[in-house]
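Reading the structure
Each chain, written out:
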Amino acid sequence: MPYDLLIKGGHLLDPGQGLDGVMDIGIADGKIAAIQADIPAHEAARVVQVKGDNRYVTPGLIDLHTHVAHGATTAGVGMGAVTPDIGGVHSGVTTVVDGGSVGVAQVGVFRHHILPTAKTRVLVYLNIGSYAHSMPGLADVARIDDIDEKAIAACVEANPGLLSGIKLRLVGPVVRERGEEVIRRTKAIAAEHKIPLMVHFGDGGGDPQRMAELTRLMLNTFTEGDILTHLCTPHPGGMMDPTSGNKELPEVREARERGVTLDSALGRGNFGIAVARIQADLGLTPDTTSSDVTLGGRSRGVGLLDSMSKFMAVGYSLSDVVRMASVNAAKAIGLQNEVGALAVGREADISIFDVANGKWKFYDTKEVPFTGEKALVPVQTVRAGELYSPDWGPYPWGWLPAEA
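1. Concerning unusual backbone geometry
Positive phi values are uncommon outside glycine, yet Ala-265 reaches one of about 40°. With respect to the secondary-structure elements, Ala-265 resides in the loop between β12 (261-263) and α7 (273-282). Overall, the relative accessible area of 0% leaves Ala-265 in the buried class. Even without being a glycine, Asp-292 presents a positive backbone phi close to 55°. With respect to the helices, strands and loops of the structure, Asp-292 is situated in the loop between α7 and α8 (295-298). For Asp-292, a relative accessible area of 11% corresponds to the buried category.

2. Notes on the side chain of Lys-167
Within the secondary structure, Lys-167 sits in strand β9 (residues 163-169). Buried and unpaired, Lys-167 has no salt bridge, with Asp-140 as the nearest side chain of opposite charge at 5.8 Å. A polar contact is formed between the side chain of Lys-167 and the backbone oxygen of Gly-99, at a distance of 2.9 Å. Excluding residues that lie within four positions of it along the chain, Lys-167 makes contacts with His-65, His-67, Gly-99, Gly-100, Tyr-125, Leu-126, Asn-127, Ile-128, Met-198, His-200 and Thr-229.

3. Examining the environment of Leu-387
Note on placement: Leu-387 falls in strand β15 (residues 386-388). For Leu-387, a relative accessible area of 25% corresponds to the partly exposed category. Residues Leu-387 and Val-89, 298 residues apart in the sequence, show an inter-C-alpha distance of 8.8 Å.

4. Quick word on the pairing of strand β1 (residues 3-14)
Within β1, 9 of the 12 residues are buried, which leaves the element mostly enclosed by the surrounding structure. Where β1 lies against strand β4 (residues 44-49), 5 bridges are found, and the strand directions are parallel. Across the sheet, residue Lys-8 finds its bridge partner in β4, namely Gln-49. Relative to strand β2 (residues 19-28), β1 runs antiparallel, the two being bridged by 8 bridges. By the bridge assignment, Leu-13 is partnered in β2 with Asp-20. Hairpin remark: β1 followed by β2, antiparallel, with 4 residues in the connecting loop; positive phi at Gly-18, about 70°. The sheet contact formed by β1 and strand β5 (residues 55-59) spans 2 bridges and is parallel. For His-11, the partnering residue across the bridge sits in β5 and is Tyr-56.

5. Here's the deal with the pattern of salt bridges
Counting across every chain of the model gives 23 salt bridges. For Lys-8, the salt bridge identified is with Asp-38, shortest N-O distance 3.1 Å. With Lys-8 in strand β1 and Asp-38 in the loop between β3 (31-36) and β4, the pair connects residues that are 30 residues apart, well separated along the chain. Judged by relative accessible area, which is 60%, Asp-38 ranks as exposed. Between Arg-253 and Glu-248 there is a salt bridge; the shortest N-O distance is 2.4 Å. Linked by salt bridges that have partners in common, Arg-121, Glu-347, Asp-349 and Arg-383 make up one network.

Thresholds, definitions, all that
Residue positions within a chain follow its written sequence, with the count starting from 1. For a predicted model such as this one, the threshold for reporting local features is a pLDDT of at least 70, and the threshold for listing and counting side-chain atom pairs is 80 or more; totals across whole chains, interfaces and linings nevertheless cover every residue. Excluded from the side-chain calculation are hydrogens and water; included are all heavy atoms of the structure. Where helices and strands are cited, they refer to DSSP runs of H or I of at least four residues and of E of at least two residues respectively, numbered from the N terminus. Buried means the residue's accessible area, taken with a 1.4 Å probe over protein chains only, is under 20% of the maximum for its type, while exposed means over 50%, and partly exposed covers the values in between. Charge counting follows a simple rule: Lys and Arg are positive, Asp and Glu are negative, and His as well as the terminal groups are ignored. The working definition used for a salt bridge is a side-chain nitrogen of Lys or Arg within 4 Å of a carboxyl oxygen of Asp or Glu. Polar contacts, as used here, are pairs of N or O atoms within 3.5 Å; protein pairs need one atom able to donate a hydrogen and one able to accept it. Residues neighboring in sequence count only if both atoms are side-chain atoms. Note on definitions: a residue-residue contact is assigned when non-hydrogen atoms from the two residues lie within 4.5 Å. Pairing between strands is defined by DSSP: at least two bridges between the two strands are required.

Okay, here's the thing in structure tokens:
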């Protein structure tokens, strides 16, 4: 038989490839071997028959901002993280980026304990703070000495290929007092090792004017390939001008023009529905959407499909949000020639999900409720040609949010 697996009768939606219609996908040796109409079922060892008008087959979804360093932090002390596969293949996602869950003191856990067993593709962004989320408190850089250039250089040398980027959270007392130095040193480290920088914007405890000042400096420091995360944060230091809530900081669009990715990373702590709506009206659309999933957020609906559903509630189309989580996300992590597309010869990373119609209740960071008419639910995930089923979901009752 020419195919190990056949995805048959599904509505393919791949904005990056211009695919939008019913086609079959033949998979052999972990790769996409054919995309065409009506491949005979007898040509495959296994067949997934896709049924339903609201069921879609897309490129394997990419979650650009997660926390999947399960076991690298201590319960009751550090921030809880999910396993890569809970946030990944069992949630309709084939690739995740860990956004700085751990610093140089604990990042070795990835190579020896997390990556060897993960079915999901995982990229690791190292937190600039040596201890990062492994200790109590919201600030990753508790002391300026937590930025340890020599230790990071030693880590890079001894662990080639482990680190895909650097993560900085622009929050906390040290940042508020010495933010210029934190920004300068962090960007210098990323530049030295030729890896991109992802920066969390929005400090709930910060002074709006001071945080706006640091945000503008950081935006001007960004270079091509860097990632701005939490585009829609309602906290001080966000992308909106604190002197006029209906205008964005001009440096945001300037950064995008230099090749910086604008990522939304919702979670339960960094998304304001009013901000998202204003930005949509301004045409300041996110390049990517991601989950910022943590162990705590996982039990409160947080996940990539949830983030996509929320942006559909804002007014973005299904094609828009799939583009954000596929071709755009692949470009953001520099893997546009490997992932984020349904194309013959590519590794067979495929997401199958339902679009559930209804009236669904969502909440933003400030617990402001809003409603949407679409909610996305994973059905099957194909990673490198292997099938994975979704787990129970991020609510006690499953995947769908509560009805409004």
